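# Overview (structure and organization)
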Amino acid sequence: MLQVVESLEDNTMERELCLYLRKYRRISTVEIKEKLHQFIDNGDDTFIKMFYEMTKAYIVQIEKDKMIAEGEEDVVMGRTHTLKEAKEILKKR
């Protein structure tokens, strides 16, 4: 990380972000959770709604990533379907 920070001398914003991330990598998960709870407890309606939407989007993306990984594994393992079979599967849902 130090090498990355040193190579970003010309870009102050990126350098500050790297320093910020380095600082928070030292904080335990418990401390981060406590700080997030403080943000939520003290946040206004706009912040709470934004935080909720951001969290929801993150969870949806994790689910999509899992489905993609499972699909890729199916292809590698030869577990594929014809278009006709796929249509039949979808009709059953």
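Residues numbered from 1 in each chain as written. Predicted model: local features only at pLDDT ≥ 70, side-chain atom pairs only at ≥ 80, totals over all residues. Heavy atoms only, no water.

## Description of the overall build of the protein chain
- The helix and strand inventory of the protein chain stands at five helices and zero strands.
- Sequence-ordered secondary structure for the protein chain, helices as α and strands as β, is α-α-α-α-α.
- Of the accessible surface of the protein chain, which amounts to about 8,900 Å², a share of 58% is contributed by carbon and sulfur atoms. (Helix = DSSP H or I, 4+ residues; strand = E, 2+ residues; numbered from the N terminus. Areas by Shrake-Rupley, 256 points an atom, 1.4 Å probe, with all protein chains shown as cover.)

## Concerning the pattern of salt bridges
- Across all of its chains, the model carries four salt bridges by this definition.
- A salt bridge links Arg79 to Glu73, with the nearest nitrogen and oxygen atoms 3.4 Å apart.
- Take Glu73: its relative accessible area is 45%, and that puts it in the partly exposed class.
- Its salt-bridge partner being Lys91, residue Glu88 comes within 3.9 Å of it at the nearest N-O pair. One end of the pair is Glu88 and the other is Lys91, both in helix α5 (residues 83–92) and three residues apart, which spans about a single turn. (Salt bridge = Lys/Arg side-chain N within 4 Å of Asp/Glu carboxyl O. Buried < 20%, exposed > 50% of the residue type's maximum accessible area, 1.4 Å probe, protein only.)

## Considerations on a nonpolar patch on the surface
- A cluster of nonpolar side chains, Ile32, Leu36 and Phe39, forms an exposed patch at the surface whose accessible area comes to about 230 Å².
- Note that Leu36 resides in helix α3 (residues 29–42).
- Residue Leu36 is classed as partly exposed on the basis of its relative accessible area of 31%. (Patch = residues over 30% accessible without salt bridge, like charges linked within 9 Å, V, L, I, M, F, W, Y side chains within 5 Å.)

## So, the confidence of the model for the protein chain
- In the predicted model, the protein chain carries a mean pLDDT of 83, and the fraction of residues at 70 or more is 83%.
- Across the protein chain, helix α4 (residues 45–76) holds the top mean pLDDT of 94, while helix α1 (residues 2–7) sits lowest at 45.
- This stretch, residues 1–8, has a pLDDT under 50; its non-local contacts, to residues over four places away or in other chains, come to 13 contacts. (pLDDT = per-residue confidence, 0-100. Contact = heavy atoms within 4.5 Å.)

## Remarks on the packing of aromatic side chains
- The tally for this structure, following the rule as stated, stands at one aromatic pair.
- Seen in terms of ring centroids, Phe47 and Phe51 are 5.8 Å apart; in terms of plane orientation they differ by 20°. Their pairing is stacked. Within this pair, Phe47 and its partner Phe51 are both found in helix α4, separated by four residues, close to a single helical turn.
- According to the relative accessible area criterion, Phe51 is buried, its value standing at 19%. (Phe/Tyr/Trp six-rings, centres within 6.5 Å; stacked < 30°, edge-to-face > 60°.)

## A word on the packing of α3 against α4
- In the contact formed by α3 and α4, the axes pass within 8 Å of each other and the chain directions differ by 135°. Here α3 is positioned oblique relative to α4, judged by the angle of their axes. Of α4, the residues touching α3 (which contributes Leu36, Phe39 and Ile40) are Phe47, Ile48 and Phe51. (Axes fitted to C-alpha atoms, helices over the stretch in contact; angles between N-to-C directions. Parallel < 35°, antiparallel > 145°, perpendicular 65-115°, else oblique.)

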